[in-house]
Amino acid sequence: MKPLARLRLDPKGVATVLEADPSLDLEGNGLPCALLVQGQDPFGRPLCPRCPVQRELRRGAYRASTPLLVKGRRLRCQGYREAEGFLVELYPERAEPPDLLLELSRLTQHLLRNPEGFPQALEDFLRALRLALGMEAAELFLIDPEGHHLILTAYEGLHREAFLERPWFQLGEGYPGIVALRREPLVTHALGEDPRYLRQKVKQLGYQTYVCCPLELPHSLIGVLNLASRDPRLDHEALLDSLGRIGPLFASTLYTLLTRLGEVGLEAIAQHLLRGEASEALLTFLQKVRRLTGATGVQVVAREGRRVALGWVPPCTMKNCPAWRGEVAGLKNGLPDCPEAEGRPRICLPLWAKGEVVAVQTLFHARPPRPPTGPAAPALWLERLVLPLLFPKEEARPIPELEVYALGGFRVRYRGRELGPRDFGRRGAYQLLKLLLAHKDRALYAEDLAETLFPELPPEKARQEVYTLVYHLRKALPGIVEREGEYYRLRLPEDRFLDFERFEALMRKADLEEGLAAFKTLRQALELYKGPLFGDDPYGEWAEAERAYLQERALSGLLRLGELAEALGYLEVAKEAYARALKLEPFLEEAQRRLSFLKG
């Protein structure tokens, strides 16, 4: 809905009228907003001189609103924080709900400028989402980067304490865990009768409608978004439609922000390490974590016993903490209690690098955050790029235990020996390995595997065939597949080489580099990209999403390589890069234009 008036305010509150309905009589620029609007509260008292919208925006909120009277008309003042000041819009009191995509765009812009406002901005957005969709509660669970736990990161709505009864779930546990595992929305209008929902206090309050949606990226899942209401008659199709439109952008926003923060931290830490300042690197790391989480104190304890802290953290021996086993633990905040901790609340996080826990981190807040588990998952996502540098590990063997080359074809080596379809006993087992590799970070439902591999067979017969293929696959590659109920997951050895995994790792490395360093890294990455993922099976729909994602990464890498090569004077390399890009995408205008220019 178009606002009745739009004003842009400078940091001091001086307004410039962008547009206004003549009936509001908002004339003149260069006046304080309070003097221009002259709004009143419902009792007729002046409201604008003590403007609650500007107050909240100055405190860090990205959006704020309040009802007010202007010349006898009941309006709603809606304000947004901008780079240099504020944007204020006036709407009728009972206007249509806000455009959620526009709200998400404003959230993204705000977070990229003010990452330290991450917790409050998420809560503000959940409030806008909840009110726009007519729900009573909204919550966001983020998954840890290792894919083991879903942790409540933001909550907004009624009955907060009831929803905080259980602020974490393992994959496959409770509504959030089930949705994260299946990657499909889950809806109920009879929550009180559903045994899968584990928070009893919420059931006792009479909540009936519950909508749980995955937040997916092209290559993984970052979290789960939930909405709840006590009204069992709500139209869940409309809710799913709205969440389906904003979900991908919301997931990308979260991933981009947390990855970008990690990249910025990585640059600073890498410079310290290059200079040999290991202690300074670790302190910089703790400063980044403390800023994002708002912690009073942060502590890291390494495997060998090294302990570094920033700020005050309650004492703890940290010898038998569950975090050493890869579990997220805590004290007095809803997380599984650490048996060694006592006294004041805290969060204990496992820090992973190259497949193992290399350190344990403690976050302490003198004033507990809302929700108490809110900082846990963002901290883990922030740290994932940095940890391998801070806690390096020597390679266990010169030759990886498992090598997979899937870009442009498909080859498998196990302990130095190349395996062909015959080595798997059944050709279908060879195909099953491809399918699992295409979804290596998620568990696949047995029935989905049966339908994909044996669409022509009856369901029961197809499932039996899947069990047979899993047997042959395990025989050829011991321990490669693990079963989780009715789901199968690829269990890759730590000592491995997957060309598409290495390609993505090098591309991420190049994203952080500039000039000659980026040029060298991009050439290494693009040498790995010999063609589409599983090029020997180009019509396999089960790999289409990952195939398209990797090709897009290759295209952007080739264009950037060409630009860097031109800047560095390597014109033949630039021509080759643009020519390769055109082989992947023949109508790519930028590559055509640059190649034509270089050829004269």
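Residues numbered from 1 in each chain as written. Predicted model: local features only at pLDDT ≥ 70, side-chain atom pairs only at ≥ 80, totals over all residues. Heavy atoms only, no water.

### Examining the overall build of the chain
The criterion, for reference: Each helix is a run of DSSP H or I of at least 4 residues and each strand a run of E of at least 2, with the numbering of both proceeding from the N terminus. Accessible area is worked out with a 1.4 Å probe on protein chains only. A residue is then buried under 20% of its type maximum, exposed over 50%, and partly exposed in between. We call two residues in contact when some of their heavy atoms are within 4.5 Å. The Shrake-Rupley method, run with a 1.4 Å probe, gives the accessible areas here. Residue values count only the displayed protein chains as cover. Under the counting rule used here, the positive set is Lys and Arg, the negative set is Asp and Glu, and His together with the chain ends is not counted. Just so you know, the charge point we use is NZ for Lys, CZ for Arg, CG for Asp and CD for Glu.
Scanning the chain from N- to C-terminus turns up 19 helices and 24 strands. Expressed along its principal axes, the backbone C-alpha trace of the chain runs to roughly 85 × 70 × 55 Å. Split into buried and exposed, the 600 residues of the chain put 52% on the buried side. Partitioning the contacts of the chain with sequence separation of at least 6, the portion at a separation of at least 24 is 56%. Accessible area of the chain: about 28,000 Å², with a carbon and sulfur share of 51%. For the chain, the separation between the mean place of its 83 positive charges and that of its 82 negative charges on side chains is 3 Å.

### Considering the pattern of salt bridges
Pairing between side chains of opposite charge can happen when their charged atoms approach one another. This is how the line gets drawn: By definition, a salt bridge exists where a carboxyl oxygen of Asp or Glu is found within 4 Å of a side-chain nitrogen of Lys or Arg.
Counted according to the given criterion, the structure contains 47 salt bridges. Glu116 serves as the salt-bridge partner of Arg291, at 3.0 Å between the closest nitrogen and oxygen. Here Arg291, found in helix α9 (residues 278-293), pairs with Glu116, found in the loop between α3 (100-113) and α4 (118-133); they are 175 residues apart in sequence, far enough to count as distant. The class for Glu116 is partly exposed, based on a relative accessible area of 37%. The closest approach of N and O atoms between Glu501 and Lys440, which form a salt bridge, is 3.2 Å. Taken together, the positions of Glu501 in helix α15 (residues 499-511) and Lys440 in the loop between α12 (427-438) and β21 (444-445) put the pair 61 residues apart, joining distant regions of the chain. Taken together, the shared-partner salt bridges connect Glu123, Asp124, Arg127, Arg130, Glu156, Arg160 and Arg370 into one network.

### Points about unusual backbone geometry
Only a minority of non-glycine residues have a phi that is not negative, and only a minority of peptide bonds are not trans. Here the bond from Arg370 into Pro371 is cis, since omega is -10°, no more than 30 degrees from zero. Phi is positive for Lys332, which is not a glycine, with a value near 60°. Tracing the backbone through its elements, the reader meets Lys332 in the loop between β15 (329-331) and β16 (346-353).

### A closer look at the layout of surface pockets
Using the following cut-off: Site definitions follow a grid-based scheme: protein atoms alone, a 1 Å grid, a 1.4 Å probe that fits but cannot get out for cavities, and for pockets an open set with protein on both sides within 12 Å along at least five of seven lines, plus lining residues having an atom within 4 Å of a point. Grid points are joined across faces, edges and corners, and a volume is the space filled by probe spheres set on the points. Amino acids outside the nonpolar list (Ala, Val, Leu, Ile, Met, Phe, Trp, Tyr, Cys, Pro) and the charged list (Asp, Glu, Lys, Arg) are all regarded as polar, and Gly is one of them.
Volume-wise, the second largest pocket comes out at about 790 Å³. Surrounding the second largest pocket, 29 residues form its lining, Pro119, Gln120, Glu123, Pro369 and Arg370 being those nearest its centre. When residues of the lining of the second largest pocket are traced back to their parent elements, those giving at least two are α4 and α9. Counted by class, the lining of the second largest pocket contains 9 nonpolar, 11 polar and 9 charged residues.

### Observations concerning the nonpolar core
As a reminder, the rule being used: Remark: nonpolar core denotes a set of buried residues (Ala, Val, Leu, Ile, Met, Phe, Trp, Tyr, Cys) joined through side-chain atoms within 4.5 Å.
The biggest cluster of nonpolar side chains holds 96 residues, and the ones touching the most others in it are Phe250 and Phe285. The element that contributes the greatest number of residues to this core is helix α8 (residues 236-274), accounting for 12 residues. Beyond its immediate stretch of four places on either side in the chain, Phe250 contacts Leu104, Leu107, Leu122, Phe125, Leu140, Leu215 and Leu225.

### Describing the pairing of β16
In plain terms, the rule: Paired strands, as defined in this entry, are two strands with at least two bridges between them according to DSSP.
Among the 8 residues of β16, 8 are classified as buried, and the element is accordingly described as predominantly covered. Of the two faces of β16, both are covered, the one formed by Arg346, Cys348, Pro350 and Trp352 as well as the one formed by Ile347, Leu349, Leu351 and Ala353. Bridge analysis of β15 against β16 gives 3 bridges, and the strand direction is antiparallel. For Ala329, the partnering residue across the bridge sits in β16 and is Cys348.

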